[in-house]
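Structural description and commentary
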Amino acid sequence: MLVYTITWSVLRAILVLVNNLYAIPSYGVWMLLLQPLRCLKPALYWQIEGLLYRWLLTMVAWWGYTARYNVLELGHDISYISKDESIILPNHQSTSDVPLVMTMTVTKHKATEDLLWIMDYIFKFTNFGLPSISHGDFFIQQGKAYRSQELVRLQDHLRKNYVPRDRKWIVLFPEGGFLRKRRLDSQKFAKKNNLPVLEHVTLPRIGAIQTVLTTLNTKNGPGSGSSKAIKWLVDVTIAYEGGKPLDLLTLIFGQQPPTQTIILYRVYSVQEIKTDSESLTSWLYTRYVEKEQILQTFYSTGKFPSVELNQRSNDVPIIKEPRPVVLKSAWLIAINLFYVISFIIQYSVLYNLVF
């Protein structure tokens, strides 16, 4: 059994490595070749880019899916707001959170193509840095020394990328880092300021959320009075089975037994939320206290608690029982064939030109 597990894990790691070696360069070459189209027909260029980008995210989603690390959805059905301007707000526990969020978005099709990530600056230097830069994602530097200037950069980035490229969803992690790294500092801050002391999440930060809302939804913002104003805030609670988060290496090697991760969505209309610092902080803290209670119940009982959803979001249907996210094998095979054939053709042409 041990030999089988080791062999399977090594094989998976090799496949992931090979997948990155042909898919990401191929994507980069396609984007380079399509630059004339970007000048002549920018809307068409970004449609094609979005499709290729979604296919890359699909391959990442398959890392966990093929190891039977299943994702189940609960709460508001966010597929119904896939064409609406929204901010997606997941809790952040480990390096597997981003691939799991990719898993939940790729089945929403158009939402993934029009997605904008706000992520830590270090991701710029990972294997996914090139696609993220090309797609127009935003890399933010953490720390008090950078906070003000980074929010100004974010505001400028939204105006130059989110609006003209007709993006829809923005994904950001309000906690600003992994749970294990931020928990002690968050608890010290909470005790000092007479705030709730949290164990399974940390107190969120409002800087990036407030910047997005004030940039796109204020009277002078580019989204004011137009379809680019943010319509929804989506509170996302990621609950790992047994309170033991997966990590990126586990998704790659698949050495742990199959598990289920439940993702709860709670959708709130931006019209219901005041965006001044005090009100937005209070609203967000309340959501994270609720997250804490949800996770505490789930981790201690193994059952997901009954959660009262925002009834004012009555345009969004509700998933009452955990619903598995299903990825189709034929879809993955077709995507890989496209990138493999693209890579072979691109490499052959480049080789003949150089040699």
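Because the structure is a prediction, the values reported are computed rather than measured.

**Some remarks on the overall build of the protein**
Helix and strand counts for the protein stand at 12 helices and 8 strands. Taking 2.2 N^0.38 as the reference for a compact globule, 355 residues should give roughly 20 Å; the C-alpha atoms of the protein span a radius of gyration of 21 Å, in line with that estimate. Dimensions of the protein, computed from the C-alpha atoms along their principal axes, are close to 70 × 60 × 40 Å. When the 355 residues of the protein are sorted by exposure, 50% land in the buried category. A sequence separation of at least 24 residues applies to 78% of the contacts in the protein between residues at least 6 apart.

**Quick notes on the sheet that holds strand E6 (residues 232-240)**
A sheet is described by the order of its strands in space; here 8 strands give the open sequence E4-E3-E5-E2-E6-E7-E1-E8, paired in mixed fashion. In this open sheet, the two strands that pair with only one neighbour each are strand E4 (138-140) and strand E8 (318-324). Taken pair by pair, the neighbouring strands of this sheet meet at an average axis angle of 20°, ignoring direction. For strand E2 (residues 86-90) and E6, the ladder comprises 5 bridges, and the chain directions are parallel. Bridging across to E6, leucine 89 finds its partner in aspartate 235. Its contacts with the sheet put helix H4 (residues 97-106) on strand E1 (69-76), E2, strand E3 (115-120), strand E5 (169-172), E6 and strand E7 (259-269), and the angle it makes with E6 is roughly 120°. Taken strand by strand, helix H11 (residues 277-301) contacts E2, E6 and E7, and its axis lies near 25° from that of E6.

**Overview of the side chain of serine 186**
Structurally, the position occupied by serine 186 is in helix H8 (residues 179-192). Once you skip the residues sitting within four places of it in the chain, serine 186 turns out to touch Thr202 and Leu203.

**A look at the confidence of the model for the protein**
With 95% of its residues at a pLDDT of at least 70, the protein reaches an overall mean of 91. Under a pLDDT of 50 for its full length, residues 219-226 has, in the predicted model, 12 contacts with residues more than four places off or in other chains.

Definitions and cut-offs
Residues numbered from 1 in each chain as written. Predicted model: local features only at pLDDT ≥ 70, side-chain atom pairs only at ≥ 80, totals over all residues. Heavy atoms only, no water. Helix = DSSP H or I, 4+ residues; strand = E, 2+ residues; numbered from the N terminus. Rg over C-alpha atoms; globule rule 2.2 N^0.38 Å. Buried < 20%, exposed > 50% of the residue type's maximum accessible area, 1.4 Å probe, protein only. Contact = heavy atoms within 4.5 Å. Pairing = 2+ DSSP bridges. Axes fitted to C-alpha atoms, helices over the stretch in contact; angles between N-to-C directions. pLDDT = per-residue confidence, 0-100.

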